Each structure stands twice: as structure tokens, then as C-alpha cells.
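# A closer look at the structure
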Protein chains: 2
Amino acid sequence: MNDTDTLLTLNQAFYRAFADRNYAAMDALWARHLPVTCLHPGWMPLRGRDAVMQSWRDLLANPVPTLIRPRHAAVQLYTDSGLVICEEVLAESVLMASNLFVREDGAWRLAHHQSGPLAPQARVDRPRPPDTPPRRLH
Amino acid sequence: MNDTDTLLTLNQAFYRAFADRNYAAMDALWARHLPVTCLHPGWMPLRGRDAVMQSWRDLLANPVPTLIRPRHAAVQLYTDSGLVICEEVLAESVLMASNLFVREDGAWRLAHHQSGPLAPQARVDRPRPPDTPPRRLH
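Along each chain, the written sequence defines residue order, and numbers are assigned to residues from 1. Whichever chain is written first is A, and whichever ligand is written first is 1; the rest continue in order. Per-residue local features are limited, in this predicted model, to residues with pLDDT of at least 70; the limit for side-chain atom pairs, both in listing and counting, is 80 or more; totals at the level of whole chains, interfaces and linings are taken over all residues. Computation of side-chain values covers all heavy atoms of the structure but excludes hydrogens and water.

Okay, the overall build of chain A next. Helix and strand labels come from DSSP, where a helix needs a run of H or I of at least four residues and a strand needs a run of E of at least two; each type is numbered from the N terminus. Secondary structure assignment for chain A yields three helices and six strands. Helices and strands in chain A line up, N terminus first, as α-α-β-β-α-β-β-β-β. For chain A, buried positions account for 51% of its 138 residues. Whether two residues are in contact is decided by their heavy atoms, any of which lying within 4.5 Å being enough. Here the analysis covers contacts within chain A between residues at least 6 apart in sequence; of these, 44% occur between residues at least 24 apart. Each residue gets one of three labels from its accessible area relative to the maximum for its type: buried under 20%, exposed over 50%, partly exposed in between, using a 1.4 Å probe on protein chains only.

Right, let's get into the interface of chain A and chain B. Counting from both sides, the interface comprises 62 residues of chain A and, opposite them, 60 residues of chain B. Once two parts are brought into contact, the accessible area they lose, counted with a 1.4 Å probe and summed over both, makes up the buried area. For the pair chain A and chain B, the summed buried area comes to about 4,600 Å², and 64% of that belongs to carbon and sulfur atoms. Take a side-chain nitrogen of Lys or Arg and a carboxyl oxygen of Asp or Glu: if they are within 4 Å of each other, that pair is a salt bridge. Along the contact surface separating chain A from chain B lie zero salt bridges. Any pair of nitrogen or oxygen atoms within 3.5 Å is treated as a polar contact; in protein, a donor-acceptor pairing is required on top of that, and neighbouring residues in sequence qualify only through side-chain atoms on both sides. For the pair chain A and chain B, the interface holds 15 residue pairs in polar contact (both at pLDDT 80 or more). Those elements giving two or more residues to the side of chain A that touches chain B turn out to be strand 1 (37–39), strand 2 (46–47), helix 3 (49–60), strand 3 (69–77), strand 4 (81–89), strand 5 (94–104) and strand 6 (107–117) of chain A. Considering each element in turn, the side of chain A that touches chain B owes the most residues, seven residues, to strand 6 of chain A.

This part takes up the relation of the copies chain A and chain B. Our superposition of the copies is a least-squares fit, built on the C-alpha atoms of residues whose pLDDT is at least 70 in both. The two copies are related by a screw operation: chain A maps onto chain B through 180° of rotation and 0.0 Å of translation along the axis, at an RMSD of 0.0 Å. This pairing of chains is accounted for by a two-fold axis. Within chain A, the C-alpha atom positioned nearest to the axis of rotation is that of Gly116 of chain A, 2.6 Å from it. When the interface residues of chain A are mapped onto chain B, 97% of them are again interface residues, pointing to one common binding face.

Quick look at the packing of aromatic side chains now. Planes of paired rings set the category: under 30 degrees apart is stacked, over 60 is edge-to-face and the rest tilted, where pairs are Phe, Tyr or Trp rings (Trp by its six-membered ring) whose centres lie within 6.5 Å. In the structure shown here, the tally under the stated rule is six aromatic pairs over all chains. Ring plane angle 80° and centroid distance 4.8 Å describe the contact between Phe14 of chain A and Tyr15 of chain A, whose orientation is recorded as edge-to-face. Phe14 of chain A sits in the buried class, given a relative accessible area of 1%. Among the residues examined, Tyr15 of chain A registers a relative accessible area of 2% and is labelled buried. Ring geometry for Phe18 of chain B versus Trp56 of chain B: centroids 5.2 Å apart, planes at 85°, classification edge-to-face. Of this pair, Phe18 of chain B sits in helix 1 (residues 3–20) while Trp56 of chain B sits in helix 3 (residues 49–60); the two residues are 38 residues apart in sequence, bridging distant segments of the chain. Here Phe18 of chain B matches Trp56 of chain B in class, with each residue buried. What links up through ring pairs into an aromatic cluster is the set Phe14, Tyr15, Phe18 and Trp56 of chain A.

A separate point is the sheet that holds strand 1 of chain A. The strands that make up a sheet pair up through hydrogen bonds in the backbone, lying either parallel or antiparallel. Residue and element names in this part refer to chain A. The criterion for strand pairing is that DSSP finds at least two bridges linking the strands in question. With mixed pairing, six strands are arranged side by side in an open sheet as 2-1-6-5-4-3. What marks the edges here is a single partner per strand, and that holds for strand 2 and strand 3. The pairing of strand 4 with strand 5 spans nine bridges and is antiparallel. What sits directly across from Gly82, in strand 5, is Phe101.

Further remarks concern the sheet that holds strand 3 (residues 69–77) of chain B. Residue and element names in this part refer to chain B. Pairing is mixed in the open sheet, where six strands are placed in the order 2-1-6-5-4-3. The sheet is open, and its two edges are formed by strand 2 (46–47) and strand 3, each paired on a single side. Sheet topology places strand 1 (residues 37–39) next to strand 6 (residues 107–117); three bridges connect them, and they run parallel. The residue bridging Leu39 from the neighbouring strand is Gln114, located in strand 6.

Structure, rendered in C-alpha cells:
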């Protein structure tokens, strides 16, 4: 399996661990020694493995599961890091996620996750035309 | 200057180019050959240098400048990439940004930017306690 396929598989495993509320599977995905961070939607940044994994422990312990379906994942590779960008389809909203993987001890591990809402008017299967930027943005 | 200081300086330059509506400065920051992507808040992903730079051309041409003040930038370094996470303070909101830099031809260049809103209740200068996850998340 090449690196692109590996990262797509790991990205799927990330969302599967979420859907299954499988903390052990989630834990196995994240880097052990390299710096890790997580920007859950709306949250202040979580820095370091302890804080990041505690957030997943709490989220996955939620008795009401959060159903998230990843869609349109695409990989961009650098030398020792790779970024997967995908949509996260929830019941009533769509988020955009950046999942940064890094090589650690020869394996690809998750180092950073950020997810944030897609504006309702942007929910089309193509980039927003550059001549119509939304308001209230950067 | 070490890599951490270099990335902090480049991160400042990114927001200065934005504030100054200086397209040439913005253009100089982004990678030339390696894959680049940008997730402006709410937007569909922009993939590839042409799409990303066109978005900046349009945003920086806006006659009403977007005043953004970066705050609390912190760097995490990997072998060939480095991530800067910071707050983006706007007039009426605060966003969280991930700015991914990669080494290209011996220089650090911006490869990816994602920015998304911080929830109003999260705007404290510390991470949200892990035992009080916000609702409607992940």
C-alpha cells in the first residue's frame, strides 16, 4: 500500500473509531512521542497527548454517539508528513477537517486534527467561485 | 534563528500581509511546488496554488480590510514540516487557525491554512476542561 492509500485508510480508521466509540482504536492512531494537538470545533486548542486523548476519552464516552460520515478525503504528501482533508457529514451540518499525519518510528500517526463548520451556502460539491467570497470572513 | 523562531516570524508575516492587503508578500509565503490547500472559514476547500492564491487575491482586494490580530501562536516541529496554531482575533469573533509550513528548497513555506470559529463560551485563555465538552460537537 502506498503512502496515499495508507493515509486514506488511517483517516477512515479515525472516523470509524469515532463512530464505534472505540477509545483503544483512537488511541492507537495518535503519535506517541511527537507533538500532538487537536482543535475540536469551537474549542480552545488541546496541546499534548494527555489533553488530546482525554478529550477523546470524554467524547467517546458520550452515551449519545456523534454520527460522522467522512466524505471526499484527499491526501497531500510531504516528506515525513501528510495531510488529509475531508468533509465530516453530521446529521444537520457539514464540517471541514484537516488531519495531519506524521511518520513516527516508521509508521504514520495522527499529529493534529482541526475541524470547523462549512457554511450552509458553501455546501456544494465544488470550491466556492473565487469571485464570490462569503462575507464575515477572513 | 532556529526553526521555531522562523515559523513564528513567518506566521506573523502571514497576518501582516493580510492586514496590509499585500498580495506580493502573501504570495511569497506560500509553497511554489509542493501541494497547497486552504480552508477559509466556512468555505469549501481550495486545492492547489492557483485556487489558493486567487482566493487571497480576491480577499486582499476587498476595499474593506479584515482586521485580524494573531495571538498565542505556538509551534510544533516535525522533520520537514511545522505547524503553527494561533488565535485570530477579529472585531467581533475569535477564530482558531492551523498554519502548516513545509520545507521547500531549503526554505519554510506555507502549505496549508485552516481557520474556524472559536465558540464564544470557549474564549478563555485556557483549554476547555475535558469534563465539560460542548454540545453539538464533535
